[in-house]
Amino acid sequence: MTADDRTTPTGERPPTTEEMLRANERNWDARTPVHVASDFYGLDGSRTAEDWFAPFEWTDLGDLAGRDVLHLQCHLGTETHAFADRGARTVGLDFSSAAVEHARRLAADSGRDVEYVRADVHRAVEALGGRRFDVVYTGKGALCYLPDLAAWADVVARLLRPGGVLYLVEFHPLLNALGAVPAPGEEELLLRHDYLEGRGPIRGDNPRTYTDGPPLPAEAVTGYEWRHGLGETVQAVLGAGLELEVLRETELLPWPRLPGMVRDASGWWRLPDREPRVPHLFALRARRRAS
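At a closest axis distance of 8 Å, the pairing of helix α6 (residues 149–159) and helix α8 (residues 230–239) adopts a crossing angle of 40°. In terms of axis orientation, α6 runs oblique to α8. Crossing handedness for the pair α6 and α8: right-handed. For the pair formed by α6 and α8, the contact residues are Leu149, Ala150, Trp152 and Ala153 on the first element and Glu232, Thr233, Ala236 and Val237 on the second. Along the lines of polarity and charge, the residues of the contact of α6 with α8 split into 6 nonpolar, 1 polar and 1 charged.

Written out as structure tokens, the structure is:
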């Protein structure tokens, strides 16, 4: 999922932020049917909603029965289903119309009562009619598609009821800096990309998505990502007036993104003991003040 082409073709006007976000929308619309058919997502029943969660997530989230949960940037809703299964009144939101269409179909086919809303996350407050939630959940490949974390955190704060919590579980910026795989002929993981924010969008023209399946159509291969360091993320959340309660770093991943990874007792994946222990995911819980 890493983009690494920093150049703009000679003579082209640099795209605006809105144009980059629209390019990402086209890219994810094109990814959707590939993901629906993929073994990776296991929509044939080979994977369950619980497979996408580490045990510590449920500890941090607590009892969800009867609570209003919003899943931002939910894609196909494979994680969103788990909140409904635990008794939450659940809403998923995504900017891809193709993804939302499939998410609604998957929820209906499984008999789950989940509402899906098609909207850009930056316009979530308006798209949801000013509704507020007890929990806003997001992550695992979401933040890199956001150009301005301060603006995003402000949206999240406006979506939360007093006392409500943001729970973010995201790929660690160190993992993104290492890249998805070693370069040909290399056995060690090396720093390949920025850890910190500040150099602007990164353009990628990758015909393949991160799952198995066929290549994307040529007109939809371009996408843009933004780097966000852990400090930037925490500061954005604090700047929106939320109070930080939990910050975790973990070596676990829900799938073997790096070569040589082995299964943990939880069923998730980590590097073998011979490798250094480095964070692959982080989790953050922050609360809107009750008054």
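So that's the structure; there's more coming.
Glancing now at the pattern of salt bridges. For the coordinates displayed, the defined rule picks out 24 salt bridges. For Arg105, the salt bridge is made with Glu101, and the minimal N-O distance between the two is 2.9 Å. With Arg105 and Glu101 both in helix α4 (residues 97–110) and 4 residues apart, the pair spans about one turn of that helix. Judged by relative accessible area, Arg105 falls into the partly exposed class, the value being 40%. Between Arg158 and Glu126 there is a salt bridge whose closest N-O contact spans 3.9 Å. With a gap of 32 residues between them, Arg158 in helix α6 and Glu126 in helix α5 (residues 124–127) connect regions that are remote in the sequence. By relative accessible area, which is 53% here, Glu126 ends up exposed.

Here is what the cut-offs are and how they apply
- Residues numbered from 1 in each chain as written.
- Predicted model: local features only at pLDDT ≥ 70, side-chain atom pairs only at ≥ 80, totals over all residues.
- Heavy atoms only, no water.
- Axes fitted to C-alpha atoms, helices over the stretch in contact; angles between N-to-C directions.
- Helix = DSSP H or I, 4+ residues; strand = E, 2+ residues; numbered from the N terminus.
- Parallel < 35°, antiparallel > 145°, perpendicular 65-115°, else oblique.
- Left-handed = near helix turned anticlockwise from the far one by under 90°.
- Contact = heavy atoms within 4.5 Å.
- Nonpolar A, V, L, I, M, F, W, Y, C, P; charged D, E, K, R; others polar.
- Salt bridge = Lys/Arg side-chain N within 4 Å of Asp/Glu carboxyl O.
- Buried < 20%, exposed > 50% of the residue type's maximum accessible area, 1.4 Å probe, protein only.

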